[in-house]
Amino acid sequence: MRSLGRWKAAVVVTAPSAVAHLWRLGHRPLAHDEAIDAFFSWQARDLGVMRYDPVYHGPLRFYLEGLVLDHGGTSAAHARLVAAVAGIVATALIASSTDLLGRVGAPVAALVFTVSPTVLTVTRTGREDSLVGLVSLGLLLLVARMLTAPRPRHVVGAGVLLALSFTIKETTFLFGLNAAVFIGAGAALAALRPDGRCRAVVRRLASLGQAPWMWSLSAFALVFMVVFTSGFRYVEGVESGLFDGVRYWWGQHDVGRGGQPWFFYLAVYAAYEWLLLGLAAVGVVASVRRRSLVGAWLGVMALGHVALYSWAGEKFAWLALHPLLPAVLLAGIGAQAVADRVRGRAARLAVAGAGAVLATLTAVVAVRPAITHGADPRELLVTVQTSADLPPIAERLARAQRAGEVDTIVVDQTGGGSWPWAWYLHELDGVSYAPLDPQDIPREVDAVIVWAVENPPEPPEGYTVERFRLREWWVPAYGDAGADDLLRWFFTREPWSPTASSDQYLILRDPD
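What counts, and where the lines are drawn
Residues numbered from 1 in each chain as written. Predicted model: local features only at pLDDT ≥ 70, side-chain atom pairs only at ≥ 80, totals over all residues. Heavy atoms only, no water. Helix = DSSP H or I, 4+ residues; strand = E, 2+ residues; numbered from the N terminus. Rg over C-alpha atoms; globule rule 2.2 N^0.38 Å. Buried < 20%, exposed > 50% of the residue type's maximum accessible area, 1.4 Å probe, protein only. Contact = heavy atoms within 4.5 Å. Areas by Shrake-Rupley, 256 points an atom, 1.4 Å probe, with all protein chains shown as cover. Pairing = 2+ DSSP bridges. Polar contact = N/O pair within 3.5 Å; in protein donor to acceptor, adjacent residues only side chain to side chain. Axes fitted to C-alpha atoms, helices over the stretch in contact; angles between N-to-C directions. Parallel < 35°, antiparallel > 145°, perpendicular 65-115°, else oblique. Left-handed = near helix turned anticlockwise from the far one by under 90°. Nonpolar A, V, L, I, M, F, W, Y, C, P; charged D, E, K, R; others polar. Core = buried A, V, L, I, M, F, W, Y, C linked by side-chain atoms within 4.5 Å. Patch = residues over 30% accessible without salt bridge, like charges linked within 9 Å, V, L, I, M, F, W, Y side chains within 5 Å. Salt bridge = Lys/Arg side-chain N within 4 Å of Asp/Glu carboxyl O. Lys, Arg positive; Asp, Glu negative; His and termini not counted. Charge placed at Lys NZ, Arg CZ, Asp CG, Glu CD. Phe/Tyr/Trp six-rings, centres within 6.5 Å; stacked < 30°, edge-to-face > 60°. Lys NZ or Arg CZ within 6 Å of the ring centre and 35° of its normal. 1 Å grid on protein atoms, 1.4 Å probe; cavity = no way out; pocket = protein on both sides within 12 Å on 5 of 7 lines; lining within 4 Å. Points joined across faces, edges and corners; volume = space filled by probe spheres on them.

Participant: So, the overall build of the chain: which residues are in play, and what are the values?
Facilitator: The helix and strand inventory of the chain stands at 22 helices and 6 strands. Its C-alpha atoms give the chain a radius of gyration of 25 Å, within 12% of the compact-globule value 24 Å for 512 residues. Overall, the chain is about 85 × 55 × 45 Å in size when its C-alpha atoms are taken along their principal axes. For the chain, the proportion of its 512 residues judged to be buried stands at 51%. Look at the contacts in the chain between residues 6 or more apart in sequence, and 77% of them connect residues 24 or more apart. For the chain, the accessible surface area stands at approximately 23,100 Å², while carbon and sulfur atoms represent 63% of it.

Participant: Give a detailed account of the pairing of strand S6 (residues 500–509), specifying residues and quantitative values.
Facilitator: Among the 10 residues of S6, 7 are classified as buried, and the element is accordingly described as predominantly covered. Where strand S4 (residues 447–451) and S6 come together, 5 bridges link them in antiparallel fashion. Residue pairing across strands places Val-450 opposite Tyr-505, the latter belonging to S6. Of the strand pairs in this sheet, strand S5 (residues 463–473) and S6 are connected by 10 bridges, and their pairing is antiparallel. The residue bridging Val-465 from the neighbouring strand is Ile-507, located in S6.

Participant: I'd like a description of the side chain of Arg-493, backed by residues and values.
Facilitator: Along the chain, Arg-493 falls in the loop between helix H22 (483–492) and S6. Looking at Arg-493, the relative accessible area reads 9%, which means it is buried. A polar contact is formed between the side chain of Arg-493 and the side chain of Glu-379, at a distance of 3.1 Å. Look past the residues within four positions of Arg-493 in its chain and what remains in contact with it is Tyr-272, Val-365, Arg-368, Arg-378, Glu-379 and Arg-488.

Participant: Account for the sheet that holds S6, naming residues and giving values.
Facilitator: Note on sheets: strands pair through backbone hydrogen bonds, and any given pair is parallel or antiparallel. With mixed pairing, 6 strands are arranged side by side in an open sheet as S1-S5-S6-S4-S2-S3. Edge positions in the open sheet fall to strand S1 (385–386) and strand S3 (431–434), since each of these has one partner strand only. Sitting on the sheet, helix H20 (residues 390–402) is in contact with S1, strand S2 (409–412), S4, S5 and S6, with an inclination near 15° to S6.

Participant: Pulling in residues and values, what's your account of the packing of helix H7 (residues 105–115) against helix H18 (residues 321–341)?
Facilitator: For any two helices packed against each other, the geometry is given by the interaxial angle and the distance between the axes. In contact at an axis separation of 7 Å, H7 and H18 are set at 135° when each is read in the N-to-C sense. Here H18 runs oblique to H7, going by the angle between their axes. Considering the relative orientation of H7 and H18, their crossing is right-handed. Mapping the contact onto sequence places Gly-105, Val-108, Ala-109 and Phe-113 in H7 and Leu-325, Val-328, Gly-332, Ala-335 and Gln-336 in H18. Residues that form the contact of H7 with H18 fall into these classes: 6 nonpolar, 3 polar and no charged.

Participant: An account of the nonpolar core is requested, with residue identities and associated values reported.
Facilitator: In this structure, Ile-94, Leu-140 and Trp-297 are the most contacted members of the largest nonpolar core, which totals 84 residues. A total of 12 residues in this core trace back to one element, the largest contributor, which is helix H9 (residues 129–148). Apart from the residues lying within four places of it in its own chain, the contact partners of Ile-94 are Leu-101, Ala-106, Ala-109, Ala-110, Phe-113, Leu-137, Val-328 and Leu-329. One finds Ala-394, Leu-428, Ala-447 and Ile-449 within the second-largest nonpolar core, a separate group that totals 18 residues.

Participant: Please provide a residue-by-residue account of a positive patch on the surface, values included.
Facilitator: A cluster of like positive charges, contributed by Arg-103, Arg-289, Arg-341, Arg-343 and Arg-348, occupies part of the molecular surface. As for its position among the elements, Arg-289 is in helix H16 (residues 274–290). Residue class for Arg-289 comes out exposed when judged on its relative accessible area of 67%.

Participant: Explain a nonpolar patch on the surface residue by residue, including any values.
Facilitator: Taken together, the side chains of Trp-274, Val-357, Leu-358, Leu-361, Leu-487, Phe-490 and Phe-491 present a nonpolar region at the surface, about 690 Å² in accessible area. For the nonpolar patch, the secondary-structure elements that each account for two or more residues are helix H19 (345–372) and H22. Mapped onto the secondary structure, Leu-358 falls in helix H19. Residue classification places Leu-358 among the partly exposed residues on the basis of a relative accessible area of 40%.

Participant: For the packing of aromatic side chains, give the residues involved together with the corresponding values.
Facilitator: Scanning the model with the defined rule gives 25 aromatic pairs in all. Ring geometry for Phe-166 and Phe-224: centres 6.2 Å apart, planes at 70°, overall edge-to-face. Note that Phe-166 is positioned in helix H10 (residues 152–166) and Phe-224 in helix H13 (residues 211–228), a separation of 58 residues in sequence. One exposure class covers both Phe-166 and Phe-224, and it is buried. In this structure an aromatic cluster arises from ring pairing among Tyr-52, Phe-166, Phe-173, Phe-220, Phe-224 and Phe-228. The residue whose ring lies beneath Arg-45 is Trp-42, and the NZ or CZ to ring-centre distance is 4.0 Å.

Participant: Would you mind going over the layout of surface pockets in detail, with residue names and values included?
Facilitator: Of the voids in this model, the largest pocket is the one considered here, and its volume is about 960 Å³. What lines the largest pocket is a set of 35 residues, among which Val-143, Leu-147, Ala-179, Phe-182 and Ile-183 lie closest to the centre. Secondary structure elements with two or more residues in the lining of the largest pocket: H9, H10, helix H11 (171–192), helix H12 (197–206), H13 and helix H17 (293–311). At 11 residues, the largest contribution of residues to the lining of the largest pocket is made by H11.

Participant: Describe empty space enclosed by the protein, with residues and values.
Facilitator: Counted according to the given criterion, the structure contains 4 cavities of 30 Å³ or more. As a volume, the largest cavity reaches approximately 80 Å³. Lining the largest cavity are Ser-136, Leu-140, Ser-165, Thr-171, Thr-172, Phe-175, His-305, Tyr-309, His-322, Leu-325 and Pro-326. Classifying every residue of the lining of the largest cavity gives 5 nonpolar, 6 polar and no charged.

Participant: So what's going on with the side chain of Asn-178? Which residues, and what values?
Facilitator: Counting through the fold element by element, Asn-178 comes out in helix H11. Under the relative-accessibility criterion, Asn-178 is labelled buried at 4%. Not counting residues within four places of it along the chain, the set of residues in contact with Asn-178 comprises Val-300, Met-301, Gly-304, His-305 and Leu-308.

Here is the structure:
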């Protein structure tokens, strides 16, 4: 009966998560990276060989997204469906973890996960972060169970999940580095304190014998090789998967992609994540008081992730998800600690009511960047975003080609201007991409998309020209912001420094 109640609670919390993740999933235009992901996934729809390229991350999600695009459709919603489903499954996984987080803590943590503005925005984005986040959650929970009541299946499962994580994104190296710090500290304490809790964990793990560890290693190797070699059809993929990611991203460290300061993630959390971090702080305090190894594990992973991601050169809003994953589980521990201390029906109703109000306010904040205004660059959670101007133009070109009014289209590659067009126009015929001079427009094509310069190009006779925004962004000048600027942005989203855009011209032949 207790198990049945646990699953009922998980279903109750997961249902609104499904709504939040699927409602208007295709409303926001596909961003630059989302379009690239969709394009490569389309190439992988027939399960062909996908050679690992660390620029575009691990190959596993290309195969998964490719199946969705091939069988479901090629809309923006379908391009994001794997990410959204991963977010829903993660909610259910958290809600069902009552053995670790408590009867109250597990569903509360799942609810906090669902309404978190950062989490909801990233898990509704057609990138790999949502999928690798689900795998990371699984690893966090499996290690927590290994610290309390290890079973052989936990060890084998950890090997499988670690391999899957590598095949999705290189953030696995940061996860592994952080975990190694915890394991190293635990091993040192086990050696120094023979009667301590760490030594007891070592004894319990040793009692499992060698077999689970050998199976775990074998499972890791099998999953890793199958994915990176595309089913053993590309043997060089093993070496590539082991070394190329580290080499490439270490070389990118000093590039500083994203152009954000070291405290960028702290700014994001301060702007959006007060409920999650408030409960996580309570969870840290409760864990310290109880000397909980599970709490220590989650605390090291949360704080270590914040430090590592703040140190890493690349800083983008979607990476803000990863330090929040262990923090969500700490929030569950915090919620359970509060529930355990509250006595009396009236007090419990008051605490529950206050929590419901805070969760509702957080959800209201989350809806804007995640669902309704995901193309608005004034949100810190919106990075470089495709403008809302683009999808209507893509639809006009598709209608014109169906009507026989447009046969050929040329897109200017200047400034990365071929993306996201390469995805939006991938089902049209007669589309080509080339560097173009705005003052020397090809006259033999029906539609030209060219990089915008200060003065509009002179269209050939019989053509019209219109300017539109391709991408928009905001890089806040934090040093120029006063307290009044921050408060104004918080309540109105009025930026204290200018937003920017990169524009293009559409030059279109007039219909006969």
